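Structure at a glance
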Amino acid sequence: MTIFESVRVISFEPPSVSEPLDVAVAGPGESGAGTVVEVGKGLAAKRPGAKRVQGAYLSPGLVLGHTHLYSALARGLMVGIEPSKDFAQQLGHLWWRLDRAIDLPILEASGLAGCADAAMCGVTSVVDHHAGPEAIEGSLSVLRKAYEEIGIRGLLCYETTDRNGAEGGRAGVAENVRFAREIDADRKAGREPLVDGLIGGHAGFTIGDETLGLMADAVKSTGRGVHIHLGEDKYDAVDSRHRFGADLVERMERAGCLTRKSIVGHGVWLTRSEVELMNERGAYLAHNARSNMNNSVGYNGLLQDHAKVVLGTDGMSADMLEEFKFAAFRHRESQGPWWPGDFLKCLDRGNRLMEDYLGGAFGKVEAGARADLVLWDYEPPTPLVGENLAGHLAFGLSSRSVRSVMVNGKFVVEERKPAFDAARAGALGREQAIRLWKRMEERR
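An account of the accompanying structure is given in this report. Starting from 1, residues in each chain are numbered consecutively following that chain's sequence as written. Reporting in this predicted model follows two pLDDT cut-offs: at least 70 for local features of residues, and 80 or more for side-chain atom pairs to be given and counted; totals over whole chains, interfaces and linings ignore these cut-offs and use all residues. Hydrogen atoms and water are omitted, and side-chain values are computed over all heavy atoms in the structure.

**Topic: the packing of aromatic side chains**
- Aromatic pairing here means that ring centres of Phe, Tyr or Trp (its six-membered ring) are within 6.5 Å. Orientation follows from the plane angle: under 30 degrees is stacked, over 60 is edge-to-face, and everything else is tilted. Overall, the coordinates contain 7 aromatic pairs when judged by the stated rule.
- With 6.4 Å between their ring centres and 55 degrees between their planes, Tyr57 and Tyr378 make a pair best called tilted. Taken together, the residues Tyr57 in strand E5 (residues 57-60) and Tyr378 in the loop between strand E15 (373-376) and helix H13 (389-395) connect sequence positions 321 residues apart. Comparing Tyr57 with Tyr378, the two get one shared label, buried.
- Ring geometry for Phe205 versus Tyr235: centroids 5.4 Å apart, planes at 90 degrees, classification edge-to-face. With Phe205 in the loop between strand E10 (199-203) and helix H6 (209-222) and Tyr235 in helix H7 (residues 234-244), the pair connects residues that are 30 residues apart, well separated along the chain.
- Through pairs of rings, three or more aromatic residues link up here, namely Trp96, Phe205 and Tyr235.
- Over the face of the ring belonging to Trp339 we find Arg332, whose NZ or CZ atom lies 3.9 Å from the ring centre. By definition, any uninterrupted DSSP run of H or I lasting at least four residues is a helix, any uninterrupted run of E lasting at least two residues is a strand, and each is numbered from the N terminus. A 1.4 Å probe rolled over the protein chains alone gives each residue an accessible area, and that area as a share of the maximum for its type sets the label: buried under 20%, exposed over 50%, partly exposed in between. To sit over a ring, a charge needs its Lys NZ or Arg CZ within 6 Å of the ring centre and within 35 degrees of the ring normal.

What follows is the structure in structure tokens.
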């Protein structure tokens, strides 16, 4: 049992900051393991044998709603990359060369590095979108082991695509289905996995109708949702109308791929009718402000019309408070109607996504909720209350303030020190990054 003693509890939605309270959490092997057991005052006296932790603020864990862990080993990339005139060329010159160079040892290293980075930033759940056409089979299980070694939760998928041929498309669907069955088997055996699977797809312009149909079959047979890029660049939207005679979201709907568990990455170039269709089906939009800026793909002027927006980084990093700031500031630059408080709702909504897949209550510090928590050391120069919480996140609080991180009732970061083997993750990353870069040079 762990008791966070005399902490001020933060709620993101609705925004609130409590008076000092105690929060009792059950650890492995205890009744209610992995959940918050009680919130109140004087809890330490009631449980004299519990581990007592002092701190300033305690919040739910942060959720990274869309990323690419394979990009962890692209930081400081030293590979000859041709200049790109547009986003399509950038994919061909850089990212598709990178994903073709990934093998399972490289994948393990990138998964460990990315998950370790996330944990240190107060992120307790990571939604990944993986690609690696030369090592598809078993790839999601390799990523799962990385998540488990670091100790965080997540949703995993392989991004199915026809860009490497129809056989590659079929292999991508098969890997998504295989992994979903692996998770189902664990649950049937009474085990509670930290991760779940989705049915991944790269983007509309690299998926033909036959492969999209296979993805739809996988959605029906596994009960999972599709995780796909749609309308990240204008080319994707134009290609869909030219080749398939339908908008991107309409294609998804016709195939049977659009559900309340679907995650659409970016959506910059979707039309208003597509946004309305996503809202009718209850699909999530993963907004990636920094990545969109970096790739110069434009700004989502219909962002505020989406009902279920989550925040992602698209592989830029795992720092969700940094992403929150960029999302809010970029929106204001575009003269959008949202304020930081609206993006606070988006930050929280990642927890609803985790509830859809893993069950239980996420994103709350209350009895019975999942004990995915962040302890913050933050000395605000002005009062911190629910009414101005979003302002403190936008202009003050940062990942530097993360002191401890707990997932499922276990510390993964404690007193700023990782409970996992950070030295191994770093060393393996540096070793495999060199291999990755060499393999990319071989694939010019």
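Picking up after the structure, the text goes on.
**What to know about unusual backbone geometry**
- The peptide bond linking Glu13 to Pro14 adopts the cis configuration, its omega dihedral lying at -5 degrees.
- For Pro14, the location among the structural elements is in the loop between strand E1 (2-12) and strand E2 (15-25).
- Unusually for a residue other than glycine, Gln335 sits at a positive phi of about 60 degrees.
- Looking at the secondary structure, you find Gln335 in the loop between helix H11 (320-333) and helix H12 (340-358).
- The exposure class assigned to Gln335 is exposed, which follows from its relative accessible area of 73%.

**Some points on the packing of H7 against helix H8 (residues 248-255)**
- Only the contacting stretch of a helix is used when fitting its axis, a line to C-alpha atoms as for every element, and angles between N-to-C directions run 0 to 180 degrees. With their axes 8 Å apart at the nearest point, H7 and H8 run at an angle of 55 degrees to one another. Judged by the inter-axis angle, H7 sits oblique to H8. Each of Asp236, Ala237, Ser240 and Phe244 in H7 lies in contact with H8, whose residues at this interface are Leu248, Arg251 and Arg254.
- Three classes are used, and their members are as follows: Ala, Val, Leu, Ile, Met, Phe, Trp, Tyr, Cys and Pro are nonpolar, Asp, Glu, Lys and Arg are charged, and the others, Gly among them, are polar. Among the residues forming the contact of H7 with H8, the class breakdown is 3 nonpolar, 1 polar and 3 charged. Angles are sorted into four bins: roughly parallel if under 35 degrees, roughly antiparallel if over 145, roughly perpendicular if 65 to 115, and oblique for all others. Throughout, a residue-residue contact means that at least one pair of heavy atoms, one from each residue, lies within 4.5 Å.

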